[in-house]
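Read off the chains here:
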Amino acid sequence: MHLTISVRKRQRFSLFLGHILALINNMKKLLFVTLFSLVTSFSFANHTKGGWMYYEYLGVGSAANTLKYRITLKLYTICNLNPGQFNGSINFTIFNSTTNQNLYNIPVNYDNLLDIQNCTTNECHPCINLIPTICYKIITYQTVVDLPTIAAGYTIAYQRCCRISGINNIQSPSNSVGETWTVKIPGTAIPGAETNSSAKFSQNDTAIICQGSNFLFDFSATDVDGDSLVYSFVSAFAGGSQSSPAPDIATNPPYSSVPYSGGFSGTQPLGSGVNINPNTGIVTGIAPGSGIYVITALVSEYRKGTNIKIGEVRKSLHIEVTNCTLTQATLNPEYISCDGFTLTFINNASSANILTYDWEFGDGNVSTQMSPTHTYLVAGDYTLKLVVNRGLPCSDSATSIVKVYPGFRPDFDFVGYCQNTPIQFRDITTADYGIINSWNWNFGDPASGVNNTSTLPMPTHSYANIGPYDVVFIVKTTKGCTDTIRKTINILDKPPLSVFPKDTLICVIDTLQLNAVGTGTYNWTPNYNISNVNIGNPLVSPDVPTTYYVTLTDAFGCFGSDSIRVDVRSFVTLFTANDTTICQTDSIRLNTISDGLRFVWTPTTGINNPNIKNPTVAPLVTTTYKVEAYIGKCVAEDFVTVIPIPYPAANAGPDQLICVGGSAQLQASGGSSYVWSPTAFLTAGNIPNPISVRPTDNVRYIVTVRDVLGCPKPVKDTMFVNVAKIIANAGPRDTVVVLGQPLQLNAGGSTNYSWTPSTWLNNPFISNPISNPQNNIEYVVRVSNSIGCFATDTILVKVYFVQPDLFVPNAFSPNGDGDNDIFRPIALGMKSMDLFRVYNRWGQMLFSGTGIGVGWDGRFAGRPQESATYVWYAEGVDYLNQKIKRKGTVILLR
């Protein structure tokens with residue numbers, strides 16, 4: 001049942017709305033309405049999911065010059081609404097459509113509350129894997145109003161914030177973006193439009209859309225007047241804000257768009273792969289990645305039989321794309337192979353529900369593989385067919401055309417390289433099948449305007465500026481083969497020209513060949529002692545210094561020039577280094593002064609490069625080097641002798657080992673002067689034989705040796721004075737045993753050991769003898785090394801005349817004073833302590849540990865325990881391998 005009232009009656013009617021609803025709805029709905037009708041202010045909440053507003057013409061109004069309309073808002077929200085996300089009464093704000101002036105603000109009560117949810121069982125959707133749950137709550141607000149007849153017509157709007165979180169195609173945070181629902185009622189400016197009823201969308205909003213799959217979604221509408229309907233995607237409107245989530249009065253139009261995120265817009269809400277049919281309102285395409293997307297469809301209404309637009313209705317919806325999969329056979333629209341006969345095919349729509357694949361390649365061959373690779377024997381067009389789940393539930397099929405025309409080799413070249421001259425481009429593509437019938441050039445020169453492109457096979461293009469240009473060439477054949485070739489052309493201000501040799505010299509009796517490399521014609525000047533001025537490599541034989549100039553002109557009139565200066569000599573100048581002495585194994589650079597162009601050094605022993613002007617030599621014996629310098633046929637020669645002298649034979653002497661408090665005699669040799677480093681503990685630092693007096697630690701001495709009669713360079717050598725420090729360790733200072741218990745002693749510190757007294761020891765001359773003490777005794781161990789350094793240590797052994805056992809105190813006071821703070825067993829004659837536990841009066845274990853010496857500090861979980869009596873239990877093994885178990889109580893005192 002729908003309740004409608006006029007504006008004049010609404011105030012009186014609202015007083016009885018609760019009673020009327022109680023009569024027409026069940027008790028559950030009455031409770032829901034009563035609770036939410038009390039909400040008079042909105043809290044910020046993220047729950048709106050779209051909706052649409054439409055109107056119906058009902059005839060003339062109750063007053064003169066008025067018309068009666070039923071206005072309906074279908075508001076979509078999440079299904080699980082909180083109290084702050086719904087109210088039973090809202091306001092429709094009505095504006096003048098021309099001036100956007102606010103005319104009326106009409107309260108409207110909700111008429112219906114309905115959950116729309118898709119079926120998620122396999123019985124409903126047997127061909128979808130991972131079926132998502134899609135749910136909308138549709139709240140219908142409806143009222144009947146009488147509006148005065150005006151030319152401008154009316155705009156009705158309602159606003160609310162906010163949308164749900166995590167919308168993919170709205171900039172984050174999407175839950176701060178509101179929504180505006182609006183519809184226009186045309187006025188008398190369009191004759192007869194004021195009596196129109198708007199188009200009405202069908203309510204089919206739970207279509208399941210799987211990411212990456214083809215899908216279809218119905219945004220179609222109906223029109224009771226039989227007018228023509230045209231559909232399009234448009235931007236969704238924002239409305240409301242976090243500060244005013246539910247304004248009593250909607251803001252004046254026009255309304256702003258929501259902020260779309262990158263790659264999306266109002267006209268492409270699901271990306272470029274999804275479109276709406278303008279005639280049917282059916283949305284189709286390849287779904288984007290999983291997530292939530294806002295889609296707004298606009299249906300424009302044109303008067304039947306005319307192109308006069310009389311109205312439009314917007315429907316906004318939050319579409320959910322999930323990671324489900326459809327049982328589909330989906331192929332590319334066309335497959336083209338232009339470089340071979342072998343292709344690999346795959347179903348573009350994957351699903352766990354697909355059990356079988358049947359491929360027909362169009363040449364009589366078939367396959368049941370999921371992704372087959374097939375080789376065609378001859379070129380041609382073939383019809384490819386895929387059937388999934390043939391003969392099974394959820395079967396589907398698809399066909400496509402396969403074009404196999406290998407041997408397509410796209411390419412192009414160009415001639416020319418200068419600015420403001422025509423560059424000739426040429427298609428050099430070859431194709432074994434079909435003929436080339438399409439050329440599209442982009443010369444990478446947008447500044448040239450319409451001349452930047454061409455569809456000719458061999459176009460020309462002139463570049464006004466130098467620099468690199470990226471040329472793009474798209475070529476096609478009659479068999480459908482197409483490819484794009486990209487090349488970079490470097491435009492210069494003159495043609496490339498290189499000349500060699502660069503500036504050089506010759507002997508007066510020589511002839512020199514000049515070389516110029518480039519594409520075009522040559523002209524050399526001056527015409528003086530030159531064989532040919534119009535070739536790239538003429539011969540010249542000037543008798544005076546001469547500069548030759550060459551000009552290169554290409555086929556397009558672009559030219560450039562360069563030069564070579566030829567100096568002329570009548571003899572070769574040559575002066576090499578003086579005879580010299582070096583330290584043996586060192587090297588020296590032989591500095592030569594000469595105008596020669598080529599050099600030859602002999603002998604080649606110890607020389608790094610015998611054909612350069614200033615080589616580096618390192619002879620091991622006295623060597624005389626000869627150098628020859630050439631300018632063409634002219635030559636000169638010179639000599640230099642290099643004498644190597646050995647380095648000093650530095651020797652710091654052998655390493656020495658001394659005891660703490662001893663001294664070491666150093667002795668160096670091999671030169672005339674000596675310097676020791678460091679000088680610590682030395683009697684002198686500049687003699688060959690100082691004494692290191694009582695060093696306290698190891699010292700590394702380095703001696704620097706020089707020889708004033710030979711190689712003057714210093715040579716270093718190293719020796720070590722090692723100080724032996726003996727630290728004797730007899731083990732723990734005190735230890736206890738019971739009578740009859742063997743005691744393993746264990747000393748450390750060096751290599752030689754001697755224990756005194758030897759009483760009860762099995763061997764007093766090893767580091768780890770075994771003692772069987774019969775009474776208290778103190779042992780002294782002397783530890784020494786091979787050079788006589790020694791030290792001593794003692795250990796006191798106390799013998800108890802008792803049986804091996806665990807002795808446990810009956811009280812302890814963990815107060816941190818260092819006295820009796822830890823509760824632990826005293827192990828006499830014990831080999832191991834295997835278990836020690838403490839429990840409180842309720843049997844809760846407060847401590848558990850193993851090992852001789854472990855104990856409880858009176859805490860549990862880091863908290864001190866109260867003064868009380870506690871139970872303990874201990875297990876161990878004595879030195880005779882007998883198990884001993886003890887238990888008892890202990891008093892904790894604070």
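These numbers were taken from a predicted model, which means no experiment stands behind them. (Residues numbered from 1 in each chain as written. Predicted model: local features only at pLDDT ≥ 70, side-chain atom pairs only at ≥ 80, totals over all residues. Heavy atoms only, no water.)

### Some points on the pairing of strand β24 (residues 380–388)
Where strand β21 (residues 357–360) meets β24, four bridges bridge the pair, whose relative direction is antiparallel. Paired with E360 across the bridge in β24 is K385. Bridge count between β24 and strand β25 (residues 396–404): nine bridges; the pairing is antiparallel. Bridge pairing in β25 links L386 to A398. (Pairing = 2+ DSSP bridges. Helix = DSSP H or I, 4+ residues; strand = E, 2+ residues; numbered from the N terminus.)

### Considerations on the sheet that holds strand β56 (residues 715–724)
Taken in spatial order, the four strands make up an open sheet running β51-β56-β55-β53, and their pairing is mixed. Across the chains shown, the open sheet's two edge strands, defined by having one partner strand only, are β51 (656–659) and β53 (673–677). Recorded for the sheet is a direction-independent mean angle of 25 degrees between the axes of neighbouring strands. With four bridges connecting them, β51 and β56 associate as parallel partners. Directly across from C659, in β56, lies its bridge partner A724. (Axes fitted to C-alpha atoms, helices over the stretch in contact; angles between N-to-C directions.)

### So, the packing of aromatic side chains
In this structure the tally under the stated criterion is 32 aromatic pairs. Seen in terms of ring centroids, W52 and F201 are 6.1 Å apart; in terms of plane orientation they differ by 80 degrees. Their pairing is edge-to-face. You can see W52 sitting in strand β1 (residues 48–60) and its partner F201 sitting in strand β9 (residues 200–201), a full 149 residues away along the chain. On the basis of relative accessible area, W52 is assigned to the buried category, the value being 1%. Arranged with centres 5.8 Å apart and planes meeting at 50 degrees, the rings of F425 and W441 form a pair that is tilted. Remark: W441 occurs in strand β30 (residues 436–442) and F425 occurs in strand β28 (residues 422–427); sequence separation between them is 16 residues. Here F425 matches W441 in class, with each residue buried. Across from the ring centre of Y630, 4.1 Å away, lies the NZ or CZ of R598, which sits over that ring. (Phe/Tyr/Trp six-rings, centres within 6.5 Å; stacked < 30°, edge-to-face > 60°. Buried < 20%, exposed > 50% of the residue type's maximum accessible area, 1.4 Å probe, protein only. Lys NZ or Arg CZ within 6 Å of the ring centre and 35° of its normal.)

### Describing the state of the cysteines
Here, disulfide denotes a covalent bond that connects the sulfur atoms of two cysteines. Per the stated rule, a full pass over the model turns up eight disulfides. One disulfide bridge connects C79 with C135, the sulfur atoms lying 1.7 Å from each other. Across the S-S bond of C79 and C135 the torsion is about -95 degrees, and the bridge reads as left-handed. Separated by 56 residues along the polypeptide, C79 in the loop between β2 (66–77) and β3 (89–96) and C135 in strand β6 (residues 135–148) bring together distant segments of the chain. Neither C79 nor C135 differs from the other in exposure class; each is buried. Put simply, C338 and C481 are joined by a disulfide, and their sulfur atoms are 1.9 Å apart. As the torsion about the S-S bond is roughly -100 degrees, the C338-C481 disulfide counts as left-handed. Within this pair, whereas C338 is found in the loop between β19 (334–337) and β20 (342–344), its partner C481 is found in the loop between β33 (467–477) and β34 (482–491), the two being separated by 143 residues in sequence. Assigned by exposure class, C338 and C481 land together as buried. (Disulfide = S-S within 2.5 Å.)

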